[in-house]
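Coordinate analysis (summary)
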Amino acid sequence: MPYQITKDYISIGNSRPGQRLQNVEFIVSHDTGNPGSSAYANRNYFENVDPTASAHTFIDDNTILEIIPLNEKAWHVRYNVAADNRIYGEDANDAAIGVELAYGGNINFEEAYKRYVWYHAYLIDEYNLDPSSDIVAHSTLDPSRRTDPQNALNKHGISWNDFINDIERAYDRYFQGNEDITEPVVQGSSVDLPLDVGDSGQFVREVQQDLVKSGFNLPTYGIDGQYGPETKRTVMKFQRQYGLMVDGLVGPQTIDKLKEITNSSTLINDFPLPDVTLQRGDNGPGVKQLQRALKEINFDPKQIDGLFGPLTEDAVKRFQSMYTALANDGIYGPNTRRYIEMELDN
Ligand SMILES: [Zn+2]
């Protein structure tokens with residue numbers, strides 16, 4: 001193992017309730033939201049102040065520090081958020097490990113990020129998880145209040161997808177013994193901020209997506225992952241609208257503002273889906289909500305009329321046929337809902 005894990009547990013108290021975590025089903029990725037505060041500084045805070053929040057592991061540029069045993073619960077996501085139940089069928093605190101990235105100040109980002117990526121791969125291996133579905137950002141679970149860990153990652157040109165890709169590569173290399181992966185494990189940190197004309201890649205694509213979500217279109221080239229003159233002009237319009245320095249460069253302030261705007265308008269919030277099973281013959285407002293969501297993700301049921309007829313059934317079936325995990329039965333239930341929501345979230 002290229003890195004060591006330090007286990008230095010805090011005392012039982014508010015931050016470490018000592019309750020058993022039965023099954024680890026997913027990982028919630030966080031950043032500390034407190035630039036410059038090291039892994040040990042965080043441990044000291046939770047040990048001494050003992051607030052009713054915490055996470056299992058804090059990672060900075062030289063330490064991977066577990067402050068709560070991984071078979072005990074930590075309070076790292078509010079219980080009354082709905083997304084964890086929707087996506088995983090459980091409250092995060094009852095089924096997930098919380099991992100925090102320390103960043104900013106004197107913390108060497110690249111070193112901290114490498115450890116953060118490696119540790120996620122280690123957990124994937126340890127608990128037999130799937131990196132593409134079993135790692136979730138705190139911001140996804142609590143979008144109205146949280147922006148982590150993208151808050152820290154995006155400032156270094158790393159998108160959420162970059163991060164997941166880096167974890168998959170680290171897993172292949174370090175836990176599957178795939179020696180062929182000779183390129184640097186950490187790909188995501190290759191984009192230097194601020195973005196300017198000539199930059200390209202996944203992070204540029206996500207910035208473009210956020211611009212479009214914020215109502216700033218890219219009519220000629222669209223979301224192409226290339227930071228060209230059109231993207232630059234559009235960034236300048238965005239900056240002007242929100243009172244930022246109008247330089248057409250995407251740095252931390254522009255990223256923060258884009259996240260603020262796009263988080264407040266996530267489609268999941270705009271298209272709340274009913275929490276019931278619906279099938280042909282049903283009708284009512286829940287069916288209408290489902291029809292709107294289907295239309296939004298381009299599985300048009302043709303009529304938004306609140307009647308679950310053959311066209312709506314067909315739209316549900318077409319959607320289900322995209323995913324092997326879904327029964328192709330035209331019945332809307334919790335699984336189909338989860339996948340529609342993932343689609344809305346993209
Ligand atoms: Zn968090």
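Structural data are supplied above this passage.
Overview of the structure. The shown structure was predicted, so the numbers you read here are calculated from the model rather than taken from an experiment.

About the criteria used
- Residues numbered from 1 in each chain as written.
- Predicted model: local features only at pLDDT ≥ 70, side-chain atom pairs only at ≥ 80, totals over all residues.
- Heavy atoms only, no water.
- Donors = N, O, S within 2.8 Å, 3.2 Å for Na, K, Ca; no water.
- Helix = DSSP H or I, 4+ residues; strand = E, 2+ residues; numbered from the N terminus.
- Buried < 20%, exposed > 50% of the residue type's maximum accessible area, 1.4 Å probe, protein only.
- Expected span 1.5 Å × (residues − 1).
- Contact = heavy atoms within 4.5 Å.
- 1 Å grid on protein atoms, 1.4 Å probe; cavity = no way out; pocket = protein on both sides within 12 Å on 5 of 7 lines; lining within 4 Å.
- Points joined across faces, edges and corners; volume = space filled by probe spheres on them.
- Nonpolar A, V, L, I, M, F, W, Y, C, P; charged D, E, K, R; others polar.
- Salt bridge = Lys/Arg side-chain N within 4 Å of Asp/Glu carboxyl O.

Glancing now at the coordination of the zinc ion. Within the protein, His-30 (ND1), His-138 (ND1) and Asp-148 (OD) serve as the donor atoms for the zinc ion, at 2.0 to 2.1 Å. Linear spacing of the donor residues for the zinc ion on their chain is H-x107-H-x9-D. In this pair, His-30 is assigned in strand E2 (residues 26-31) and Asp-148 in the loop between helix H5 (138-141) and helix H6 (150-154), connecting sequence segments 118 residues apart. Judged by its relative accessible area of 6%, Asp-148 falls in the buried class.

The next subject is helix H7 (residues 160-174). With 15 residues, H7 should cover 21 Å at 1.5 Å per step; its first-to-last C-alpha distance of 21 Å lies within 8% of that length. Along H7, the positions that sit buried rather than exposed are Trp-160, Asp-162, Phe-163, Ile-164, Asp-166, Ile-167, Arg-169, Ala-170 and Tyr-171. Looking at the packing, one finds that the buried side of H7 touches E2, helix H4 (109-127), strand E6 (135-137), H6 and helix H8 (202-213).

This part is about unusual backbone geometry. Cis rather than trans, the peptide bond between Asp-148 and Pro-149 has omega equal to 0 degrees. Structurally, the position occupied by Pro-149 is in the loop between H5 and H6. One non-glycine residue with positive phi stands out, namely Asp-50, at about 55 degrees. In this fold, Asp-50 is placed in the loop between helix H1 (39-48) and strand E3 (57-59).

Here the second largest pocket is characterised by a volume of approximately 520 Å³. Taken together, 26 residues line the second largest pocket, and the ones lying closest to its centre are His-30, His-76, Glu-100, His-138 and Arg-146. Of all the secondary structure elements, the ones that give two or more residues to the lining of the second largest pocket are E2 and H1. Per-element accounting of the lining of the second largest pocket gives the leading share, three residues, to H1. For the lining of the second largest pocket, the class distribution of residues is eight nonpolar, eleven polar and seven charged.

By the definition in use, this model includes 16 salt bridges. For Arg-43, the salt bridge is made with Asp-8, and the minimal N-O distance between the two is 3.2 Å. Separated by 35 residues along the polypeptide, Arg-43 in helix H1 and Asp-8 in the loop between strand E1 (6-7) and E2 bring together distant segments of the chain. Overall, the relative accessible area of 10% leaves Arg-43 in the buried class. For Asp-8, a relative accessible area of 26% translates into the label partly exposed. Across the pair Arg-337 and Asp-275 runs a salt bridge, and its minimum N-O distance is 2.8 Å. Placement of the pair is Arg-337 in helix H14 (residues 334-345) and Asp-275 in the loop between helix H11 (267-270) and helix H12 (285-296), with a sequence separation of 62 residues.

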